[in-house]
Amino acid sequence: MADRPAVARHPVAALAEEIVDLLAGEGYRVAEGPEVEAEWLNFDALNMAADHPSRSADGTFSIDGPDGPSGLVLRGHTSPVQVRTMLGRGAPLRMVTVGRVFRPDPPDATHSPVFHQAEGLAVAEGLTMNDLRATLGRLAAAMFGDSTPVRLRPHWFAYTDPSAEADVRCPTCRGGGCDLCEDGWIEWAGCGIVHPRVLATCGVDPGRHAGFAFGLGVERTLMLRHGLRDIRDVIRHDPPRPAGDRAGEPSLAPADRTGVPGDRPLDPAEPVSPFRRRQAAARALTAAGWTETQTSPFLDPAVWDAFGLPPDDPRRARLRIANPLDGYPPALRTSLLPGVLAELRARRPPGGLMLFEQGAVFPHPPGGLRPPPSPPTGGPPRPEELAALHAAIPAQPHHLAAALTGGDWHAAVGAGHAMGLQWGLRLRPEDGPSGTRSSWPWHGGRWARLTVDGTPVGEAGELDPAVLRRLRLPGGVAALTLDLDALDRLSGGERT
């Protein structure tokens with residue numbers, strides 16, 4: 001039998017974790033926010049006027065409402081997390097966030113409608129551009145090497161003043177000039193001093209505190225680090241092959257993490273952010289032979305016909321994009337499993353494959369969407385306005401899906417049990433009804449519900465042969481689905 005392919009974290013996920021760990025070592029606390037966001041948090045609170053280019057249909061994906069605009073968008077940057085953090089924690093603070101963002105850009109060598117950003121924010125008395133420059137210098141040294149200088153070029157952003165583009169000395173030619181950089185420098189990040197109006201809107205006194213913020217593309221950083229020219233090479237990542245298998249090509253294998261802050265087993269009794277718990281779970285799965293993937297959040301609802309879901313199944317109810325990009329489905333996924341199975345089908349390795357993905361899903365709210373309010377800016381929203389704003393944003397739980405070929409379905413159950421241990425929980429398999437099919441497409445008698453003290457958190461087992469035929473997959477494919485937010489709640493983990 002052929003060897004299984006090498007396993008790995010996805011390089012984007014691994015680099016995102018590395019960035020978070022580096023900043024955590026300087027006192028930055030991890031924060032997260034939803035990917036479907038209120039316009040007020042995505043634009044207004046960040047001093048982005050009604051005529052800002054990002055607010056156009058060419059700049060941001062909008063979510064359809066029942067009777068027109070919903071007031072919700074797919075976030076175009078991770079900066080709404082800065083607003084949420086300042087509103088929730090006040091000053092002083094240091095926070096880092098990393099996550100997926102969306103822009104209706106047709107894909108090419110340098111653009112993708114879905115990519116990842118990392119942002120840092122510091123708010124304290126007396127912060128200046130010199131503090132920002134020093135922070136970016138340390139981060140650039142960690143990303144590209146100790147001798148990598150950073151220069152700041154004046155720029156304009158609505159939410160910072162003064163603003164700058166941060167360039168780094170080209171990692172490919174080291175400043176000599178090449179077809180990638182032309183003059184030895186290459187754009188890397190946007191940054192600046194947080195605009196006083198943004199601070200005031202977030203409840204921070206701009207007369208007492210100053211803040212600096214910076215944001216960078218994770219895929220772009222990865223491309224610069226490895227000398228890649230096409231972002232699609234990062235998105236279509238295959239696990240790294242043995243050295244010498246592709247001579248001359250840069251390796252995207254994750255860097256050696258020995259001694260990186262936060263790279264240690266998690267104590268189930270210690271309060272840990274959901275981000276940290278998910279990262280530890282991903283490392284545990286790759287250590288057990290699984291390969292991490294990232295798939296599109298856009299899902300064609302017709303896929304559920306192949307799964308045999310009835311017309312009234314809640315997984316068919318989805319959030320719709322008002323201005324979908326040509327060639328992309330106009331709906332958001334309600335499960336990770338279709339994407340993981342499509343990736344499994346596309347790769348078809350000779351020795352079998354074990355794939356997993358973690359990410360947000362977007363179930364349609366049972367009561368329908370409610371337009372969020374748009375409070376005035378220049379001062380913080382009233383508590384009732386903020387509560388209404390948060391209540392109007394639909395739940396977007398983090399899930400995990402995994403699938404494997406050529407293995408015993410009990411391996412999927414075992415992976416679920418191992419995930420539970422990362423949260424300090426014991427997942428108990430409850431056998432599915434023998435000889436019957438559930439509403440989810442499991443092979444009768446070869447699947448189990450996964451519960452914690454009677455609370456369902458997932459399912460695992462072999463997929464029904466008829467479903468596998470319709471999906472053009474080989475027989476015997478097993479899968480796992482887990483609600484990671486449910487594990488967070490049940491473990492009493494820290495919420496950010």
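Each value, and the rule that gives it
Here, residues in each chain are numbered from 1, in the same order as that chain's written sequence. Confidence filtering applies because this is a predicted model: local features only for residues at pLDDT of at least 70, side-chain atom pairs given and counted only at 80 or more, and all residues used for totals across whole chains, interfaces and linings. By convention in this description, side-chain values take in all heavy atoms of the structure and omit both hydrogens and water. Here a strand is any run of E in DSSP of at least two residues, a helix any run of H or I of at least four, and the numbering for each starts at the N terminus. Burial here depends on accessible area, computed with a 1.4 Å probe over protein chains only, as a share of the maximum for the residue type. Under 20% is buried, over 50% is exposed, and the range in between is partly exposed. Whether two residues are in contact is decided by their heavy atoms, any of which lying within 4.5 Å being enough. Here the open area of atoms and residues is found with the Shrake-Rupley method and a 1.4 Å probe, where only the protein chains shown may cover a residue. Along the chain, pLDDT gives the predictor's confidence residue by residue, from 0 to 100. Working definition: a ring pair exists when centres of Phe, Tyr or Trp rings (six-membered ring for Trp) sit within 6.5 Å. Plane angles under 30 degrees give stacked, over 60 give edge-to-face, the rest tilted.

### Topic: the overall build of the chain
Of the regular secondary structure elements, the chain holds 14 helices and 17 strands. Within the chain, the proportion of its 496 residues that are buried is 54%. Considering only residue pairs separated by 6 or more positions, the chain has 71% of its internal contacts joining residues 24 or more positions apart. Just so you have it, the chain exposes about 20800 Å², and 51% of that area is on carbon and sulfur atoms.

### So, the confidence of the model for the chain
Within the chain, residue pLDDT values average 88, and 88% of them lie at 70 or more. Within the model, the stretch residues 1-6 combines pLDDT values under 50 with 15 contacts to residues more than four positions away or in other chains. With pLDDT under 50 throughout, residues 253-270 is counted as low confidence; its partners more than four residues away or in other chains account for 27 contacts.

### Section: the packing of aromatic side chains
One pass over the structure, following the stated rule, counts five aromatic pairs. Residues phenylalanine 144 and tryptophan 188 carry aromatic rings whose centres are separated by 5.6 Å and whose planes lie at 75° to one another, so their mutual orientation is edge-to-face. Residue phenylalanine 144 is located in helix 4 (residues 129-144), and its partner tryptophan 188 is located in strand 9 (residues 185-194); the two are separated by 44 residues in the primary sequence. The burial state of phenylalanine 144 is the same as that of tryptophan 188; both residues are buried. Here a set of aromatic residues connected by ring pairs shows up, and it is made of Phe61, Phe298 and Tyr328.

### A short note on unusual backbone geometry
Residue proline 92 follows alanine 91 across a cis peptide bond; omega there is 0°. Along the chain, the position of proline 92 falls in the loop between helix 3 (79-89) and strand 5 (93-102). Across the junction of aspartate 161 and proline 162, the peptide omega takes the value 5°, indicating a cis bond. Examined against the element boundaries, proline 162 turns out to sit in strand 8 (residues 160-169). Positioned with a positive phi, aspartate 453 is a non-glycine residue whose angle comes to about 50°. Positive phi, normally seen in glycine, also occurs at arginine 472, with a value near 60°. Positionally, arginine 472 belongs in the loop between helix 13 (465-470) and strand 17 (478-483). Residue classification places arginine 472 among the exposed residues on the basis of a relative accessible area of 54%.

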